Amino acid sequence: MTDPQQSPTAPADVAVATGAAERDLGAPLVRLTGVNKHFGDLHVLRDIDLTVRRGEVVVVIGPSGSGKSTLCRTINRLEPIDSGTITVDGRELPAEGKDLARLRAEVGMVFQSFNLFAHKTILENVTLGPVKAKGVKAAEARQRAMALLERVGVANQAGKHPAQLSGGQQQRVAIARALAMQPKVMLFDEPTSALDPEMINEVLDVMTSLAREGMTMIVVTHEMGFARRAADRVIFMDAGQIVEEASPEEFFTNPRSDRAKDFLSKLLSH
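Treat the numbers as computed from the prediction; the structure is a model and nothing was measured.

Novice: Explain the packing of aromatic side chains to me, please; I cannot follow it from the model alone.
Specialist: Geometry of an aromatic ring pair is reported as the spacing of the ring centres plus the angle between the planes. Using the criterion set out here, one finds 3 aromatic pairs in the structure. Arranged with centres 5.3 Å apart and planes meeting at 50 degrees, the rings of Phe-236 and Phe-263 form a pair that is tilted. In this pair, Phe-236 sits in strand E9 (residues 233-238) while Phe-263 sits in helix H9 (residues 258-268), placing the two residues 27 residues apart along the sequence. Grouping residues by exposure puts Phe-236 and Phe-263 together as buried. Among the aromatic side chains, those forming a connected cluster through ring pairs are Phe-236, Phe-251, Phe-252 and Phe-263.

Novice: I would appreciate a short explanation of the nonpolar core in the present structure.
Specialist: Where a protein is soluble and globular, its nonpolar side chains tend to be buried together. In this structure, Leu-149, Ile-175 and Met-217 are the most contacted members of the largest nonpolar core, which totals 51 residues. Looking at this core element by element, the count peaks at 8 residues for helix H6 (residues 197-212). Sequence-distant contacts of Met-217, defined by excluding residues within four places in its chain, comprise Glu-56, Val-57, Val-58, Met-186, Phe-188, Met-207, Leu-210, Ala-211 and Phe-226. Residues Val-35, Ile-48, Cys-72 and Ile-218 belong to the second largest nonpolar core, which totals 27 residues.

Novice: I keep staring at the sheet that holds E9 and nothing clicks. Help me out?
Specialist: Strand pairing in a sheet relies on backbone hydrogen bonds, with the paired strands running either antiparallel or parallel. Taking strand neighbours across the sheet as the criterion, the 6 strands line up as E6-E7-E8-E3-E9-E10 in an open arrangement whose pairing is mixed. Edge positions in the sheet fall to strand E6 (107-110) and strand E10 (241-246), since each has one partner strand and no second. Looking at each pair of strands side by side, their axes are set apart by 20 degrees on average, direction ignored. As paired strands, E9 and E10 are joined by 5 bridges and run antiparallel to one another. Residue pairing in the sheet places Phe-236 in a bridge with Glu-244 of E10. Lying over the sheet, helix H5 (residues 167-179) contacts E6 and strand E7 (185-189), oriented at roughly 170 degrees with respect to E6. Its contacts with the sheet put H6 on strand E3 (57-61), E7 and strand E8 (216-220), and the angle it makes with E8 is roughly 145 degrees.

Novice: Where do I start with the sheet that holds strand E1 (residues 28-39) in this structure?
Specialist: Read across the sheet, 4 strands follow the order E2-E1-E4-E5 without closing on themselves; strand pairing throughout is antiparallel. Of all strands in the sheet, those bounded by a partner on one side alone are strand E2 (42-53) and strand E5 (91-92). Sheet topology note: the E1/strand E4 (residues 83-88) ladder contains 5 bridges and is antiparallel. Looking at E4, one finds that Val-30 is bridged to Val-88.

Novice: I would appreciate a short explanation of the side chain of Glu-244 in the present structure.
Specialist: With respect to the secondary-structure elements, Glu-244 resides in strand E10. Comment: no salt bridge for buried Glu-244; closest opposite-charge side chain is Arg-256, at 4.3 Å. A polar contact is formed between the side chain of Glu-244 and the backbone nitrogen of Arg-256, at a distance of 2.7 Å. Setting aside anything within four residues of it in sequence, one finds Glu-244 in contact with Val-234, Ile-235, Phe-236, Phe-251, Pro-255, Arg-256, Ser-257 and Ala-260.

Criteria and thresholds
Residues numbered from 1 in each chain as written. Predicted model: local features only at pLDDT ≥ 70, side-chain atom pairs only at ≥ 80, totals over all residues. Heavy atoms only, no water. Phe/Tyr/Trp six-rings, centres within 6.5 Å; stacked < 30°, edge-to-face > 60°. Helix = DSSP H or I, 4+ residues; strand = E, 2+ residues; numbered from the N terminus. Buried < 20%, exposed > 50% of the residue type's maximum accessible area, 1.4 Å probe, protein only. Core = buried A, V, L, I, M, F, W, Y, C linked by side-chain atoms within 4.5 Å. Contact = heavy atoms within 4.5 Å. Pairing = 2+ DSSP bridges. Axes fitted to C-alpha atoms, helices over the stretch in contact; angles between N-to-C directions. Lys, Arg positive; Asp, Glu negative; His and termini not counted. Salt bridge = Lys/Arg side-chain N within 4 Å of Asp/Glu carboxyl O. Polar contact = N/O pair within 3.5 Å; in protein donor to acceptor, adjacent residues only side chain to side chain.

Structure (structure tokens):
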């Protein structure tokens, strides 16, 4: 799973093989068809159609309130949908029960806030899911957890509790915890928005490494540098709709819609 030649904390500006034309992407893994979602009278997702292929890195960007995080959270039913279908690896998401739990285990999720168990050590945070949800033996779970903590650069913190770590370290632990379930796809919902500026790159470096290794990823972020560097495809959302989708090069140099042009011009003027 890990390329021993590549450190997970390698500089983020190293050459990364990205772009669907450069990487051999697999069959569709995540598919949303006609997805709608309301919060009361607010129509937050409007007829969303989106297919993500195995090994693809899709970055979702757009203004605040455009539906990006809601889209991300519907893919493992943290947010139920009102209509449409969502399938992961050809299976439709069940509404509830053990089947949903099993499918959720295949969809890793990393949140804005790290959501680590404060009363458990870092190692315990990473081993808990495989042992409880997948029945992995404790010794095997510990061995895998230490390898993952090494991979994200925090193995030396394994015996500490979350409060003893920096925000960047905690988010890297959260990534290791999601990876410990051996998911088919990883969802990242604004994973760096709660971090101090100097901690952002250490998390983005780990994410860039995952992209390089072929992990299927759907990333909601404001980090345009990561989108340019690691994405196969950029999805631009506004007012609950997918307004535009393109390669990073095409989107950032020649956006087609007025809304995307306006969004990018505001970013570049700051």
